[in-house]
Amino acid sequence: MQNRASPSSASVLATRQQILCVESPSGLTDELPEALNCDGLEVRKFGDGVRALLGLYGSSPAAVLVPTDVMAVSLLTFVEAVARDSKVPVIVGFTQDVSSARSAFSALEAGACALLALPFDREALISTLRAIGRQRKGGRIPVEYGGIRLFRDQHEVYVGSAAVHLSPREFRIIEYL
C-alpha cells in the first residue's frame, strides 16, 4: 500500500523500486537520482539509449524515463524496442520546444505510457509512477499451470509465491509452453 500522507515523507512508495533513466544531453535529467533517492526509488542512469536498452535486460524496473533528445538511438526506436521486448512502462520527458513535443506525442503512439515535462518534477513523476502501478495491477489475470502463474500483461512469472525474473526471450518461451 502506498503512503499518501505527504510527498515529502520518508518513503513515497511502499516498496523500493528501480527506475532506469536515460540521460539528456541538455542536462535536464542530472538531478533526478538525488531528488528521488529518499522516495523509495533507486535511479539507474544511462548515458544513451543503447546502454539503457542493454541495461534493461536482466532487470525489472518500475519504469524507464527517456528524454526526447535521447542519444545513440531514435526515440521511437527506443520506445518500440522497450514496448516490444519488455513491457516496462516508458515515460517520455519533453521540453517546450515544438519538435520535442511532437516527438513525445509520436512516442505515445509507439508505446510510451506517459509524458512529463523536463526537467522532471519529483511530485509529478511519483504521481505518474503510482498511476502506472495501479493500471498494471488492474487487469492481473494469470495463466496458471501447476504451481506456476504467468501474468502476460505485466511480464511476470511466479512459482508458488516467489517471483521468477526472466529475460524477455525466456518469458516468451514460458508463455509459448
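See the structure printed just above.
Model, not experiment: these values are computed from the prediction. All residue numbers here refer to positions counted from 1 along the written sequence of the relevant chain. Thresholds applied to this predicted model are a pLDDT of at least 70 for local features of residues and 80 or more for the giving and counting of side-chain atom pairs; totals over whole chains, interfaces and linings are not thresholded and use all residues. As a rule here, side-chain values come from all non-hydrogen atoms in the structure, and water together with hydrogens is ignored.

1. Details of unusual backbone geometry
The bulk of non-glycine residues show a negative phi, and the bulk of peptide bonds are trans. Following Leu 118, the chain continues to Pro 119 via a peptide bond in cis, the omega torsion being -5 degrees. Helix and strand definitions follow DSSP, with helices as H or I runs of at least four residues and strands as E runs of at least two, each counted in order from the N terminus. Mapped onto the elements of the fold, Pro 119 is located in the loop between β5 (114-117) and α5 (122-138).

2. Side note on the pairing of β5
Buried, partly exposed and exposed residues are distinguished by accessible area as a fraction of the type maximum, computed with a 1.4 Å probe on protein chains only: under 20%, between the cut-offs, and over 50%, respectively. Burial of the side chains of β5 is restricted to one face: Ala 114 and Leu 116 are buried, whereas none of Leu 115 and Ala 117 on the reverse face is. Bridge count between strand β4 (residues 90-94) and β5: four bridges; the pairing is parallel. Bridged to Phe 94 within β5 is Ala 117. Consider the strands pointing away from the viewer: the crossover is right-handed when the path from the first strand over the helix to the second runs clockwise. Regarding the hand of the β-α-β motif, the stretch spanning β4, helix α4 (residues 98-110) and β5 is right-handed. When DSSP finds at least two bridges between two strands, those strands are taken to pair.

3. Examining the sheet that holds β5
Ordered in space as β2-β1-β3-β4-β5, the five strands form an open sheet in which the pairing is parallel. Two strands in the sheet have a free side with no partner beyond their single neighbour: β2 (41-46) and β5. Across this sheet, the average inter-strand angle for adjacent strands is 25 degrees, counted without regard to direction. As judged from the six bridges shared by strand β1 (residues 17-22) and β2, these two strands associate in the parallel manner. Fitted lines through C-alpha atoms serve as axes, helices being fitted only where they are in contact, and the angles separating the N-to-C directions of these axes extend from 0 to 180 degrees.

4. Side note on the packing of helix α3 (residues 75-85) against α4
At a minimum axis distance of 9 Å, the contact between α3 and α4 shows a crossing angle of 25 degrees. By the criterion of interaxial angle, the relationship of α3 to α4 is roughly parallel. Between α3 and α4 lies a crossing of right-handed hand. Residues Leu 75, Leu 76, Val 79, Glu 80 and Ala 83 of α3 form the contact with α4, whose own contacting residues are Ser 103, Ala 104, Ser 106, Ala 107 and Ala 110. Classifying every residue of the contact of α3 with α4 by side-chain character gives seven nonpolar, two polar and one charged. Working rule for angles: under 35 degrees goes down as roughly parallel, over 145 as roughly antiparallel, 65 to 115 as roughly perpendicular, anything else as oblique. We call a crossing left-handed when the near helix sits turned anticlockwise from the far one by less than a right angle, and right-handed when that turn is clockwise. Should any heavy atoms of two residues lie within 4.5 Å, those residues are counted as being in contact. In this count, Pro and Cys sit with the nonpolar residues alongside Ala, Val, Leu, Ile, Met, Phe, Trp and Tyr, while Asp, Glu, Lys and Arg are called charged and the others, Gly among them, polar.

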